[in-house]
Protein chains: 4
Amino acid sequence: MIPRYSRPAMNAIFEADNKFRIMLEIEILAAEAMEKNGTIPHGIAAAIRQRGKYDPARIEEIEREVKHDVIAFLTNVAEHVGDEARYMHQGLTSSDILDTTLAVQLTQACDILLKDLDSVLAALKKRALEHQDTLCIGRSHGIHAEPTTFGVKLAGHYAAFRRAYERLVFARGHIASCSLSGAVGTYATVSPDVETYVAEKLGLAVESVATQVIPRDRHAFLVGVMGVIASSIENFAIEIRHLQRTEVREAEEFFSKGQKGSSAMPHKRNPVLSENLTGLARIVRAAVTPTLENVALWHERDISHSAVERTILPDTCIVLDFALNRLAQVIENLMVYPERMKKNLESTGGLVFSQRLLLTLTQNGLSREEAYAHVQKHAMIVWESDGQKNLRHEVLNDATLGPLLKDKADMIFDYQAYIQQAPLIIKRAVSE
Amino acid sequence: MIPRYSRPAMNAIFEADNKFRIMLEIEILAAEAMEKNGTIPHGIAAAIRQRGKYDPARIEEIEREVKHDVIAFLTNVAEHVGDEARYMHQGLTSSDILDTTLAVQLTQACDILLKDLDSVLAALKKRALEHQDTLCIGRSHGIHAEPTTFGVKLAGHYAAFRRAYERLVFARGHIASCSLSGAVGTYATVSPDVETYVAEKLGLAVESVATQVIPRDRHAFLVGVMGVIASSIENFAIEIRHLQRTEVREAEEFFSKGQKGSSAMPHKRNPVLSENLTGLARIVRAAVTPTLENVALWHERDISHSAVERTILPDTCIVLDFALNRLAQVIENLMVYPERMKKNLESTGGLVFSQRLLLTLTQNGLSREEAYAHVQKHAMIVWESDGQKNLRHEVLNDATLGPLLKDKADMIFDYQAYIQQAPLIIKRAVSE
Amino acid sequence: MIPRYSRPAMNAIFEADNKFRIMLEIEILAAEAMEKNGTIPHGIAAAIRQRGKYDPARIEEIEREVKHDVIAFLTNVAEHVGDEARYMHQGLTSSDILDTTLAVQLTQACDILLKDLDSVLAALKKRALEHQDTLCIGRSHGIHAEPTTFGVKLAGHYAAFRRAYERLVFARGHIASCSLSGAVGTYATVSPDVETYVAEKLGLAVESVATQVIPRDRHAFLVGVMGVIASSIENFAIEIRHLQRTEVREAEEFFSKGQKGSSAMPHKRNPVLSENLTGLARIVRAAVTPTLENVALWHERDISHSAVERTILPDTCIVLDFALNRLAQVIENLMVYPERMKKNLESTGGLVFSQRLLLTLTQNGLSREEAYAHVQKHAMIVWESDGQKNLRHEVLNDATLGPLLKDKADMIFDYQAYIQQAPLIIKRAVSE
Amino acid sequence: MIPRYSRPAMNAIFEADNKFRIMLEIEILAAEAMEKNGTIPHGIAAAIRQRGKYDPARIEEIEREVKHDVIAFLTNVAEHVGDEARYMHQGLTSSDILDTTLAVQLTQACDILLKDLDSVLAALKKRALEHQDTLCIGRSHGIHAEPTTFGVKLAGHYAAFRRAYERLVFARGHIASCSLSGAVGTYATVSPDVETYVAEKLGLAVESVATQVIPRDRHAFLVGVMGVIASSIENFAIEIRHLQRTEVREAEEFFSKGQKGSSAMPHKRNPVLSENLTGLARIVRAAVTPTLENVALWHERDISHSAVERTILPDTCIVLDFALNRLAQVIENLMVYPERMKKNLESTGGLVFSQRLLLTLTQNGLSREEAYAHVQKHAMIVWESDGQKNLRHEVLNDATLGPLLKDKADMIFDYQAYIQQAPLIIKRAVSE
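Numbering of residues starts from 1 in every chain and runs along the sequence as written. All chains are assigned letters beginning at A, and all ligands numbers beginning at 1, according to the order in which they are written. Whole-chain, interface and lining totals are the exception, using all residues; otherwise, since this is a predicted model, local features are given only for residues with pLDDT of at least 70 and side-chain atom pairs are given and counted only at 80 or more.

A.B. asks: Lay out the overall build of chain A in plain terms, naming residues and giving numbers.
C.D. replies: Secondary structure elements follow DSSP: runs of H or I of four or more residues count as helices, runs of E of two or more count as strands, with numbering from the N terminus. Each helix and strand counted, chain A has 20 helices and six strands in total. If you line up chain A on its principal axes, its C-alpha atoms span 100 × 50 × 35 Å. Contact between residues is assigned whenever the C-beta positions, reconstructed from backbone atoms, fall within 7 Å. Partitioning the intrachain contacts of chain A with sequence separation of at least 6 by distance along the chain shows that 74% fall at a separation of at least 24.

A.B. asks: Lay out the relation of the copies chain C and chain D with the relevant residues and their values.
C.D. replies: For the least-squares superposition of copies, only C-alpha atoms count, and only for residues with pLDDT at least 70 in both. For the pair chain C and chain D, the best superposition has an RMSD of 0.1 Å and corresponds to a rotation of 180 degrees with a translation of 0.0 Å parallel to the axis. Taken together, the turn and the small shift mark the pair as related by a two-fold rotation axis. Scanning chain C for the C-alpha nearest the rotation axis identifies G224(C), at a separation of 2.9 Å. A shared interface surface links the copies, since 99% of the contact residues of chain C are contact residues in chain D too.

A.B. asks: Quick rundown of the nonpolar core? Include the residues and the values.
C.D. replies: Formed by 594 residues in total, the largest nonpolar core has its most connected members in A155(A), A155(B), A155(C) and A155(D). Discounting residues that sit within four places of it in the chain, A155(B) has contacts with V209(A), A128(B), I425(B), I426(B), A429(B) and V430(B). Put simply, a nonpolar core is buried Ala, Val, Leu, Ile, Met, Phe, Trp, Tyr and Cys residues tied into one set by C-beta atoms within 7 Å. Here the C-beta atoms are placed from the backbone, and a residue counts as buried if at least 20 other C-beta atoms lie within 10 Å of its own, exposed if 12 or fewer do, and partly exposed otherwise.

A.B. asks: Any chance you could break down helix α3 (residues 44-51) of chain B for me, citing the residues and the numbers?
C.D. replies: Residue and element names in this part refer to chain B. Inspection of α3 places I44, A45 and I48 among the buried residues, and these make up the whole buried set. Around the axis of α3, the buried residues are gathered within 100 degrees of arc, so they sit on the same side. As for α3, its buried residues are in contact with α2 (16-36) and α5 (69-81). Each direction from the helix axis to a C-beta atom contributes to the arc, which is the arc of those directions.

A.B. asks: An account of the interface of chain A and chain D is requested, with residue identities and associated values reported.
C.D. replies: Every contact between the two is made by 42 residues of chain A and, on the other side, 42 residues of chain D. Elements supplying a minimum of two residues to the side of chain A that touches chain D: α4 (56-66), α5 (69-81), α10 (272-285), α11 (288-293) and α12 (304-333) of chain A.

A.B. asks: Could you give an account of the relation of the copies chain A and chain D, with specific residues and numbers?
C.D. replies: Laying chain A over chain D is done by rotating through 180 degrees and shifting 0.0 Å along the axis; what remains is an RMSD of 0.0 Å. The residues that chain A uses at the interface reappear at the interface of chain D in 100% of cases, marking a shared surface.

A.B. asks: How would you summarise the packing of helix α2 (residues 16-36) of chain D against helix α8 (residues 192-202) of chain D if you had to cite specific residues and measurements?
C.D. replies: When two helices pack together, their arrangement is captured by the angle between the axes and the distance separating the axes. All names here are of chain D. Structural elements are reduced to axes, namely lines fitted to C-alpha atoms, with helices fitted over the stretch in contact, and the angle between N-to-C directions of any two is expressed from 0 to 180 degrees. For the pair α2 and α8, the least separation of the axes is 9 Å and the interaxial angle reads 130 degrees. Compared by their axis directions, α2 and α8 come out oblique. Regarding α2 and α8, the two cross each other, and that crossing is right-handed. On α8, the residues touching I26, L29, A30, E32, A33 and M34 of α2 are D193, V194, Y197, V198 and K201. Gly is put with the polar residues, along with every residue not named as nonpolar or charged; the nonpolar set is Ala, Val, Leu, Ile, Met, Phe, Trp, Tyr, Cys and Pro, and the charged set is Asp, Glu, Lys and Arg. Here the contact of α2 with α8 is composed, by residue class, of eight nonpolar, no polar and three charged. Every angle not falling under 35 degrees, over 145, or within 65 to 115 is termed oblique; those three ranges are roughly parallel, roughly antiparallel and roughly perpendicular. Left-handed describes a crossing whose near helix is turned anticlockwise from the far helix through less than a right angle; right-handed describes the clockwise counterpart.

A.B. asks: Would you mind going over the interface of chain C and chain D in detail, with residue names and values included?
C.D. replies: At the junction of the two partners, chain C supplies 71 residues and chain D supplies 70 residues. Breaking the side of chain C that touches chain D down by element, the ones donating at least two residues are β1 (135-140), β2 (143-149), α7 (150-175), α9 (217-243), α11 (288-293), α14 (354-363), α19 (416-419) and α20 (422-430) of chain C. A per-class count over the side of chain C that touches chain D returns 30 nonpolar, 26 polar and 15 charged.

A.B. asks: Can you tell me about the domain arrangement of chain A, naming the residues and giving the values?
C.D. replies: These domain limits were set by an automatic method or by a database of domain assignments. Assigned domains of chain A: these are domain 1 (92-133 + 140-254 + 262-340) and domain 2 (351-412). Here the C-alpha centroids of domain 1 of chain A and domain 2 of chain A sit 47 Å apart.

A.B. asks: If you had to explain unusual backbone geometry to someone new, which residues and values would you point to?
C.D. replies: Residues and elements named next belong to chain A. We note that H299 has phi near 45 degrees; this positive angle belongs to a residue other than glycine. For H299, the location among the structural elements is in the loop between α11 and α12. For H299, a count of 25 C-beta atoms within 10 Å corresponds to the buried category.

A.B. asks: With reference to specific residues and values, describe the pairing of β1(C).
C.D. replies: Residues and elements named next belong to chain C. Extensive coverage of β1 is indicated by the burial of five of its six residues. A pair of strands counts as paired when DSSP detects no fewer than two bridges linking them. As paired elements, β1 and β2 share five bridges and run antiparallel to each other. Within β2, the position partnered with L135 by the bridge is T149. The antiparallel hairpin formed by β1 and β2 contains two residues in its connecting segment, where H141 sits at a positive phi of about 60 degrees.

A.B. asks: Please set out the confidence of the model for chain A residue by residue, giving values where relevant.
C.D. replies: A residue's pLDDT is simply how confident the predictor is in it, with values from 0 to 100. The predicted model of chain A has a mean per-residue pLDDT of 94, with 97% of residues at 70 or higher. Overall fold confidence for the complex sits at a pTM of 0.96, while the interface term, ipTM, reaches 0.95.

A.B. asks: Help me get a handle on helix α13 (residues 338-346) of chain D, residues and values and all.
C.D. replies: All names here are of chain D. Of the positions making up α13, those classed as buried are M341, N344 and L345. Seen end-on, α13 carries its buried residues on one side only, within an arc spanning 100 degrees. Those residues of α13 that are buried are in contact with β1 (135-140), β2 (143-149) and α7 (150-175).

A.B. asks: I'd like to hear about the environment of V308(B), residue by residue, with values.
C.D. replies: Within the fold, V308(B) resides in helix α12 (residues 304-333). For the pair formed by V308(B) and E293(B), sequence separation is 15 residues and the distance between their alpha carbons is 9.7 Å. Setting aside its immediate chain neighbours within four residues, V308(B) contacts P290(B), T291(B), N294(B), G279(C), R282(C) and I283(C).

A.B. asks: Tell me what's going on with the environment of L396(A), and back it up with residues and numbers.
C.D. replies: All names here are of chain A. Examined against the element boundaries, L396 turns out to sit in helix α16 (residues 391-396). Exposure remark for L396: the 16 C-beta atoms within 10 Å place this residue in the partly exposed category. Separated by 261 residues in the primary sequence, L396 and L135 have C-alpha atoms spaced 25 Å apart. L396 has contacts with G402, L405, K406 and A409, leaving out every residue within four places of it along the chain.

A.B. asks: Go over the environment of M88(D), please, and point to the residues and values.
C.D. replies: Summarising the element assignment, M88(D) is placed in the loop between α5 (69-81) and α6 (94-130). Counting along the chain gives 253 residues from M88(D) to M341(D), while the straight-line C-alpha distance between them is 67 Å.

A.B. asks: Could you give an account of the packing of α14(C) against helix α15 (residues 368-384) of chain C, with specific residues and numbers?
C.D. replies: Residues and elements named next belong to chain C. For the pair α14 and α15, the least separation of the axes is 9 Å and the interaxial angle reads 145 degrees. At the point where α14 passes α15, the crossing takes the right-handed sense. Contacts between α14 and α15 involve S354, L357, L358, L361 and T362 from the first element and R368, A371, Y372, H374, V375 and A379 from the second. Looking at the contact of α14 with α15 residue by residue, the classes come out as seven nonpolar, three polar and one charged.

Have a look at this one:
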């Protein structure tokens, strides 16, 4: 992934150094377990732990010759450990080390992503409570519908990221799997207690049935969950992009001083962070299908999944981490314009009250169809006046409706009625 | 979905009759709750329950005129209910009814899919136990690796479908959501207790924040889980297709009497069910991306998701239901050929024992590199003899290795060593 | 595909009747060719043409028994033809008939889609010329940029659909392939001249190398082209959805009389057709990946692609046909509001002229950086005044800029300057 | 993209140096054209060409401050050019430079990919001619069908890559587009002749209608074509993986001396290159959907596509270039085992002749159904004997069939009959 969309901590997880550190740790832990069950002499694990080193450049050099990454790693470690090294990796197969290492990396990645989600949730909660009563128009189909508050809007996104959090915790559980069962997963050359020991030390579960590899439905499910998170990011990003439109301008991304909006049009403040989040969401989602295609390995395994995982798994974690952080900042720093929200709300001459008007009419004896016809007629007049006419005025002057409504107008044309439940909705969401 | 890939029970869930039945039930339950909280007069719910009927053809007719499906439905029901109908749907918005109905349909669909998974699991468990000790070769890269048992292979698939089951139960929890919160989800026209009442009666949870619609990350997650299940189906299907290859022939799909394999080659028995499962998996997976794209609705909602959901949601449930049932049958009826498995296992002249040989050599003083070089040399000779030479014979006749190995040959060249843990692996898997 | 998104002519292409009609025609033409080269006696083709009939229901019945669709078809035809039938299909394999039939169906589908594109192009051309000079704001990032005309906007979509047309013509050429080469494509049982004859009669090219089947990269490429067309549809749909937003309202979908916008808010006019087009685009795009996955059939072929093609190929053609027609209607009937366009254009107090202002300043001695700083300062004041201030007034009253600009203001703040090339752009696009 | 899957020439196209070189060239050419039409003074273009330099590190530094990549580039170039720089980029917008640069990069990438395809085609042609008459079994459903030659199999892949070549040439034409039309594409600040001049010098076509950006359906179509190529690569890779299976072993990837197949099983020769190609194909295909999603930019453009293009466009070109080269090498060096092919062919006791047998029987008076029944009976006996029985022997000893067939056996059971058209098929394919 290009540095532009990377953050150091997530990046480090997928760098050679972290990978080899985990691989070495697994070999050491496996040696400890094998010492315990008597498969290898005592002192091996300690020797590896003491003298075991690896040099990514040297490993690459060896790999060019032997064309096998784990053999290259073991050879390099053996160069430092010396004679005891021949007891290392005994009875294990390359996939045991590689797949368990990947499982550790992915749980590390999940932990960062869960923290990222925490930041997003904290920012959303703070802004939702801040704007609990900030009146604005709710829109369906891009068309003004009824009033709501900006806090309620944010609470909806909060709830989506809460679900994201739950799903990621669940998926982390499904990826945190340790497999040390030897060739084709039969434990023919390694006792099951080695796996149990290593799994416990690494905080992983024992793979129930490994077919040499950890089954790829685990990885596909994790990436699937990431894809859903990406779509929720896109959902928020598109909200901001809409609100920042010139005609709407209810909110804007924070615009720093030196920043230039356009080389030709100096005044332009573009929602570039949110647009970028939209694009990053597409990148993350694109990972879902190839990881699904990786599930159907041939027989006990083939290696077709490897190229996908070498590139797409790190990239996806890195981009999602970056996107969640950018999202948290966008939320944190979002500039909100309550006055503009009010102005937009009022721009349709009270049409937003049409449903309350409709309900009042049906509660006062009109059939749904009659009420609908009456209200539609006046609503269309107001709508087509483009802000010049007002629904309250129109219906009160209607020969039929006027008498019915004259005592009820204040009750009907009342914004507060729409947002009285806002505190409840927000509280319910953010305390879950 | 074309009838070829449909089963009646799943099909029925997505037919007009079931949809309108649920919609009517929601309206009735909502009316009950509104009577309780005094919003509407007593007796409305009972009247609707007694006289409420719907006629899909009539609804379609009305919809052609009003171009609105829920209004068409309500109009048709009102034609049967009479005057009380005007209290029906009060304060609700179309999405309240449509989305809660869809949630009910999808939980019904999940329940069928969970039963399907039960059938698959039962079949896999039965056949895994039956073939617990059926010796066969394990393959990596399509190349013979080491012996395993056919039961272990099946247990691996069992474990994958167990995970599928867990994920689907989890996703069912995330889709079982009831939203009756009115336009833009503010409860401005309907009290929250109506939603609570209806949710409880329907066995759903209350949507934490609805933005008029139930948020689409719920649906995307469910379909994502289905995509992973489809990939596990493909994984099994490809295994069978491999095993049925002419050169392998370790297993075959059941071939019924009248069935014709090929219009030109009468003897051919093709793994057509498993090939079909591969194709069906592609169809299910294809649903993942559009449902992810559905998440980012504009503001409180738009209607772009509707076309996708009308077609792809039912199709995906229907195809997955069909595929899981076909899969259960393939497993149940699979013809397994242990003798052929044995023959294939032996076809490489004992090369499958190379790792045990390697380990014995390193345990007897050779370095890993020396042992590897020795074994590789003989292994290549045997491999290139195409079944004419035998590894045991070769190494026992080697000047260096022969003396080292002569007492250990029976121990090394022993199939049982590879499969001694098979009962444990299978038991552990199927009792989870 | 559900009837809601189907049109009869495209639907008919994929119905049993058309399929069997083509299959029978291929068998007859093949028989004619075989008579010519002496493989079968004279009179067979004529007999089949005279008495050859098929009954979809009967074929289905036979298929249930023999589990083979082509044998079922041949058996049914033979029931009508009688003794001569045994010369039918001689030396051919099922895929020869099925794949050539599918090629004919897909070229028929392409022909309809090309006509659909013609309608879209015609509508776009008409409306583009109509609005050649209709001034409106061009937007980047959703933010007002500089003026353009509505005709130019439409011309851009015209150009995209012209490219779509070219690509579909090209893809039609790649799918119009005839394969009659027998089992595994070796012509061992059928002479190449049979294929040549049938291909010519059907207006198809001879498949260069068939591996029993017509290679699936042909189908994948066609569906890929459809996916790009779908995305261009989405591009237009999103434009309309934006223009119809309450705050923008520069255009609206035609709203018919009886139509109801919302069950709760009678005035609402929602861009439901364009939203639907967005959703339909997702459905079409979802077909791309499974057809790509279909390419890698095993060896000379397997049958995994069949399930995908039975469902997704017809559905994709049908939905795309429906979407293109809906699109043509949306364009044809689109209500355009030039006054509102003008009002929006002016809503930013002349900021849209900032680049012309910038250029004038740099042409009159200021460095780019100086000019940018000056213009940005005033632009921000105007921007933040929310329509109260005006850029022309501000800069003319600036101590530094005023004297520089006083003679040039009319030239700078002139909408015509932006749209003088509109006729050229539109003419160039629509006459291509 | 990680270095493991990169080749230098393709990599260089997407490095900063090449990008800035093209950007500078466009600015210079634009200045030349503007000098011609009198917009800017003479000598500017020469000055930029002479002194114009860029320093990626310095540009990055400036970009961190101004947060705008093109302004950063122009500022850096101006630092070298001096005063004349203020005439540079006049009337242009950032997208003009960025999108035309990207178009140049992508045509460069296409040119490399076309050369790659040439290598693949050359290798396939050579090996197809070499194995024109190498007899082997053709398989459908993974099951032996009828004989073919290995050359015919390769010719099929040759034809697929010929189509790939044609499509890529076509797509190159659609991406080779130059847009220099200023903000929102109206030529308000730049004369159309500048674009015409630059386009001609760069070997590009003039964009018919740019909406500030070059429309993204062009990029989506190109990536779609790459996705189909990737699937054809996968198709070949899976063929090799099948042929190299232990039970099949008709071909093997070249296995270099030092290479180690498995850390535990020294003899194993795994088709790792072909498995890798399968995985790389998944990576390339994954690019198709996000580039399709990029098409629907908002209004005249947004910037959501940028993140996708910065990462996925280079990665896709780089991976596809790498994969095509690897593929050419796999083909070039493939080890083919004709004896093993013959052995497999004969392993089914002559069942491969069943269709010829069937045809002979129908040509000698049996109905298709009778013939089918007879042949199926004997075929099943032979099939179930697992190589012990022979179809020729069986039918000649059949009381009914024996007399009918005794003079025709040599003609029926003749491999040459199946492959007599092989030279024609191959010649026709490779000379296209």
